[in-house]
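Examining the three-dimensional arrangement
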Amino acid sequence: MFNSLALLSGKGGSGKSTLAVLIAEKLACNGKKVLLVDCDFGTHGMTYFFEEKLVDKDKYLSLIDIFGGEYKSKEILNVSENIDFMPSSVHFPVSLPIEGNNKCKFEEFLNWLKTLKYDIVIFDLQAGYSEIANIITSFSDKNLMVLEFDAVSASALRVLYSQLQKQLKKENTFQVYNKVSQVEHSLVLQMPKEILFRNLKPILFSWGIRQAAMLNIVFDMGNGENVKLREPKQGLFTKIKNRIFFKNEETVTDFSGGINELVGSLFP
Ligand SMILES: Nc1ncnc2c1ncn2[C@@H]1O[C@H](COP(=O)(O)OP(=O)(O)OP(=O)(O)O)[C@@H](O)[C@H]1O
Ligand SMILES: [Mg+2]
């Protein structure tokens, strides 16, 4: 039996995938067995993140397989000690099948997952409303809304809330401001404790995280075939792991406090 957490946001780019990975890493360090599920069929940020681990793509279980038939024979990818990962799909572009009962298929999958070893399952959703967000939040134990400290994030969250109102209860849904600057931090502290949902302690902007996600990609937008990719020295996963979790002491000290508290509030 596991606890599940869904990360959502109204507006894109607020940091759901980044926080999902950081929360998973923190839980894994505490000895918990974590399954990260990329539920984003558009930006699939976590699948980029773990791409270098997905060498033999078809061997591994991905979320889209759940809706398409037999999946129990597939292997779940292990990416790090105590962390397994399921991409949304390894073949893009893709969307959920229109026919068939996707919710029932997902429920069946959750029942199967319960027979496996996980303590916590984290669902990283795409921004805004989607069918998969609707399905997942009808089963998730907890939900975390990730916002930037701006009006667009706030108003987009209200729209999402109006669409998922039945599932998003005050008792199990939290919100967190991410990428918060020092100036914003003092403003966040003046906000009411609860607006739509209870505010958890904000997560500061970290240059370590920002830099780790930078790739030297030069796109020729005029001609799709002529995309020039300056090979990064190492994969995104290794870069982020090195910077955030091990090598960059400055990042670790200025950042881990926020994540420790976040994980402590979500999984007391
Ligand atoms: N605390 C932080 N400090 C600095 N940069 C951050 C922080 N959190 C996230 N970022 C950066 O913000 C960008 C978007 O993050 P991320 O992909 O996690 O957002 P997302 O909500 O998953 O986006 P999408 O809606 O596209 O799925 C990335 O470049 C990431 O490195
Ligand atoms: Mg994402």
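Residues numbered from 1 in each chain as written. Chains lettered and ligands numbered in written order. Predicted model: local features only at pLDDT ≥ 70, side-chain atom pairs only at ≥ 80, totals over all residues.

The helix and strand tally for the protein chain stands at ten helices and ten strands. Burial statistics for the protein chain: of 268 residues in total, 36% are counted as buried. Within the protein chain, contacts between residues at least 6 apart in sequence are counted, and of these 79% link residues at least 24 apart. (Helix = DSSP H or I, 4+ residues; strand = E, 2+ residues; numbered from the N terminus. Buried ≥ 20, exposed ≤ 12 C-beta atoms within 10 Å, placed from the backbone. Contact = placed C-beta atoms within 7 Å.)

Here we take up unusual backbone geometry. Backbone phi values are negative for most residues with the exception of glycine, while trans is the configuration of most peptide bonds. Despite not being glycine, H44 shows a phi value in the positive range, around 30 degrees. Among the secondary structure elements, H44 is positioned in the loop between β2 (34–39) and α2 (45–49). The backbone of K179 sits at a positive phi, close to 60 degrees, despite the residue not being glycine. Within the secondary structure, K179 is located in the loop between β7 (173–177) and α7 (182–189). Residue K179 is classed as buried on the basis of its 21 C-beta neighbours within 10 Å.

Glancing now at the nonpolar core. Judged by nonpolar contacts, the single largest core of 53 residues is most densely connected at L7, A24, L36 and I122. No other element matches helix α1 (residues 16–29), which puts eight residues into this core. Beyond its immediate chain neighbours, meaning those up to four positions away, I122 contacts L5, A20, I23, A24, V34, L36 and V37. (Core = buried A, V, L, I, M, F, W, Y, C linked by C-beta atoms within 7 Å.)

The next subject is the sheet that holds strand β4 (residues 83–86). Read from one edge of the open sheet, eight strands run β3-β4-β2-β5-β1-β6-β7-β8, paired in mixed fashion. A single partner strand is all that each edge strand has here, and the edge strands are β3 (77–80) and β8 (198–199). Where β3 lies against β4, three bridges are found, and the strand directions are antiparallel. Note that in β4 the partner of L77 across the bridge is F85. Those strands touched by α1 are β1 (3–8), β2, β3, β4, β5 (120–125) and β6 (142–147), and its axis lies near 170 degrees from that of β5. (Pairing = 2+ DSSP bridges. Axes fitted to C-alpha atoms, helices over the stretch in contact; angles between N-to-C directions.)

As paired elements, β1 and β5 share five bridges and run parallel to each other. Residue A6 lies in a different strand from β5, and its bridge partner there is F123. Across four bridges, the pairing between β1 and β6 is parallel. By the bridge assignment, L7 is partnered in β6 with L144.

With that out of the way, let us pick up α1. For α1, spanning 14 residues, the distance from its first C-alpha to its last is 20 Å, which sits close to the expected 20 Å at 1.5 Å a residue. Within α1, 13 of the 14 residues are buried, which leaves the element mostly enclosed by the surrounding structure. Once α1 ends, the next one or two residues include G31, with phi positive near 90 degrees. (Expected span 1.5 Å × (residues − 1).)

Another aspect to go through is the environment of F267. With respect to the helices, strands and loops of the structure, F267 is situated in the segment after α10 (249–266). Spatially, the C-alpha atom of F267 lies 9.7 Å from that of L5, the residues being 262 residues apart in sequence.

The next thing to look at is the environment of K241. Along the chain, K241 turns up in helix α9 (residues 236–247). Along the chain, K241 and L22 lie 219 residues apart, while their C-alpha atoms are 9.7 Å from each other.

This part is about the pairing of β6. Among the six residues of β6, five are classified as buried, and the element is accordingly described as predominantly covered. Sheet topology note: the β6/β7 ladder contains five bridges and is parallel. Directly across from V146, in β7, lies its bridge partner V176. The parallel pair β6 and β7 is bridged by helix α6 (residues 151–164), and the resulting crossover is right-handed. (Right-handed = clockwise from strand over helix to strand, strands pointing away.)

The next thing to look at is the environment of K114. Relative to the assigned elements, K114 resides in the loop between α4 (102–113) and β5. In this structure K114 comes out as exposed when scored by C-beta crowding, with 11 C-beta atoms within 10 Å. The spacing of K114 and N3 is 111 residues in sequence and 9.8 Å in space, taken between C-alpha atoms. Not counting residues within four places of it along the chain, the set of residues in contact with K114 comprises M1 and F2.

These figures capture arrangement, not role.
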